[in-house]
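This is what each chain is made of:
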Amino acid sequence: MYQYSDAERQQLTVRAEQFDQQIKRFQQGQIHPDIFSQLRLRNGLYEQRHAPMLRVAIPYGELGSNQLRALADVADQFDQGYGHFTTRQNIQFNWPKMVNVPAMLKVLAAEDMHAIQTSGSCIRNISTDHLAGVAVDEVEDPRPWCEMLRQWSTLHPEFNWLPRKFKFALSGSLEDRALIRLHDIGIQLILDQQGKTCFKVFVGGGMGRTPVIGKEIASQLTEEELLPYLQSILRVYNLHGRRDHKYKSRIKILVNDLGIEAFREKVEEEFESIDKRNLNESLAYLDQFKLAFKRHNRAHASSPIKQISVDQPQFTAWVKRNVVAHKNPSLRNVMISLKNASEAPGDITSHQMRAIADIADSYNNGEIRVHHEQNLLLPSVPADRLFDLWSALQKFELARANIGEITDMICCPGMDYCSLANADTIPLAKELNQKFESLLTGYETGIIKLKMSGCMNACGHHHVGDIGILGVDKKGEHWYQITLGGQGGLDAQLGLRLGPAIHRNNIIDALKILVETYIDLRQSRESFAETVKRLGVGPFKEQVYDGKGIRNQAA
Amino acid sequence: MTMKEDTDDALAELKLLKVPLYEWLERREELISEAVVRKLKLALVVSSDDELRFSPDDLNEIEMVIIEFTSLIDGRGFSLAVMLREKFHFRGGIRAVNVLEDNVAYLEECGFDSFELDSGKVFSSCVQDIAVPNHSPIGFAQRLNRLKFN
Ligand code: SF4
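(A) Spotlight on the sheet that holds strand β3 (residues 62-64) of chain A. Residue and element names in this part refer to chain A. With respect to topology, five strands assemble into an open sheet ordered β3-β14-β15-β12-β11, the strand pairing being antiparallel. Either end of the sheet is taken by a strand with one partner, and the two such strands are β3 and β11 (323-325). Each strand axis lies, on average, 30 degrees off the axis of its neighbour in the sheet, ignoring direction. With three bridges connecting them, strand β14 (residues 367-371) and strand β15 (residues 375-382) associate as antiparallel partners. Its bridge partner being in β15, R369 is matched across the sheet by L377. Its contacts with the sheet put helix α3 (residues 65-78) on β3 and β14, and the angle it makes with β3 is roughly 85 degrees. Packed on one face of the sheet, helix α12 (residues 350-363) meets β12 (331-336), β14 and β15 and runs near 20 degrees to β15.

(B) Broad picture of empty space enclosed by the protein. Residues and elements named next belong to chain A. A full pass over the atoms with the stated rule returns seven cavities of 30 Å³ or more. For the largest cavity, the calculated volume is near 100 Å³. If you trace the largest cavity, you find it lined by A57, H114, I116, Q117, T118, I123, R124, N125, I126, R150, S153 and T154. Its residues placed into classes, the lining of the largest cavity shows four nonpolar, six polar and two charged. Considering only enclosed or pocket space, the second largest cavity measures out at about 80 Å³ in volume. Take the lining of the second largest cavity: its biggest share by element is three residues, from helix α1 (residues 6-27). Split by residue class, the lining of the second largest cavity holds three nonpolar, five polar and three charged.

Each value, and the rule that gives it
- Residues numbered from 1 in each chain as written.
- Chains lettered and ligands numbered in written order.
- Predicted model: local features only at pLDDT ≥ 70, side-chain atom pairs only at ≥ 80, totals over all residues.
- Heavy atoms only, no water.
- Pairing = 2+ DSSP bridges.
- Helix = DSSP H or I, 4+ residues; strand = E, 2+ residues; numbered from the N terminus.
- Axes fitted to C-alpha atoms, helices over the stretch in contact; angles between N-to-C directions.
- Contact = heavy atoms within 4.5 Å.
- 1 Å grid on protein atoms, 1.4 Å probe; cavity = no way out; pocket = protein on both sides within 12 Å on 5 of 7 lines; lining within 4 Å.
- Points joined across faces, edges and corners; volume = space filled by probe spheres on them.
- Nonpolar A, V, L, I, M, F, W, Y, C, P; charged D, E, K, R; others polar.

It is worth stressing that arrangement in space is one thing and function is another; only the former is reported here.
Here it is, written out as structure tokens:
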């Protein structure tokens, strides 16, 4: 893992002190509430339905065991003993008191963590593939570049007051697992003919109320061109992005309004005049960043390969669902599902955090990753220790074998916490778990990516779910719009609408019909997504609205 | 602390002839002679929503560019200053008007060297080399103490 320098540590303390001062000035009436809200957002502090919420950054989803323990301490001391992992690899605390936030930030700073730029109209946490550095299909580890972008974008003097929030995602593998085409800027690491690292850049992707798939703006930038090019994109956006309308101010709207060619022209004009030498001084640090990530992987390289042969159906099921191949054949990557039947998706107790920290210390050098699908990953576990690891996880209800299945749904906080929500999401997730039990034990349904958002802002990524669910409000009642066939990846696609919105009372039945229809129609080993691709939305629509016929109305 | 309060600023202001950008582009020669006659230095007043559609030579006679932020959360002025330094190689003063004290450290790094806060307070920068905006990751560490401005 990358270790902070003393200067970076000092900066976190200074920033926490500064925020403390800002809170005091606000309380003394010296800062206008509108301005204070901008300052507090840039320190990760939101106002929610019942209480403030603090979002803590987890740069590119990488956590050390010591950091996870600090998060557990924060949850116990300042919150209600749990935290919630988000779809951008961060963690949120839902019940802090504003006066305690500077103290929380100090606890976090002691373990090199912070909440800087986790909200507000600025460059947000850099996200990446949860399998970065350990994926079988990796071309190049994106983390050194993530770290460079993290340093470049943190407290960037020019881009702290953008028209709207701005999100980056990087991927260094053949398959994109970081949704790079659904970010404001997505970067794919590739190799040129000489084997040198290059970058393909997508711009203007995003979900929200106007979902757009990112367009390619540069096909092959060199290492020296990358930062100046990104700086140019941000500058064009900062100068020309709309500031008059909240819903039209993301870069995707600017790119669509100008057209990708005209947008590229503006970017390249800026690129010409940018002081590249100044920016590229940071390339001198690249080797240091690379070393920080490599050294860690090497520690396992000599583990012996042993066959796993344990006659335990539950363990076998867990290996099949939750264990992912590693680029080193003697190692495995282990997903920890945070989708238990009784908890909100992505929630984790402080007790579980400490357990995972201890387990990580004894199985994989204390390294933990956050997956954007709101689960955790233990990378680089020796293959011959899987059974012990599984037994250890089981003790803490952390061994549910459901990764990628319908019960592993992504779910935004919805009506339970978020003041923008139109409808429930978490209660839906819990009900689905109860009502699907018999269906799921009777059939092998495989991967079905279910993604739920409580409103158009799409924090639950519903546009790219095999099944997407969007909460809508009709006269104070909760209704849900279903979409099918969405996907992330380099060939990203937005889901297609199934039909009219469905009432809260019927939505679980509708989901059941979708899964049953798939079971009826699938050919041999076809996945849900493949069946939808082959047959289109039609047969599913028919079954939901006519065939098996739900009574689609309020009871 | 890298800022000092500009106590004689009121005086300094008197020696400036402030010219809005559109006027400068329309009747530059006239304004230059006017400044000479009145023994004033020219200050170009740019709004943060203006575009810098002129050439570096147009700034030859300009002593100071004053960038007026349309609001406290308008980030455009930051880019304008960087562009004045990097693209137009402007070495005169750049003043930020209507900005938050919390942003002074950032503004300074973008190339501003004097500030008129929303509270009305006026400051000038004591940083020696303001000509090159510094926003490489290396600057990240050097920025620390400036954030102590509050
Ligand atoms: S999608 Fe809507 S309801 Fe859900 S977290 Fe985002 S803003 Fe809130």
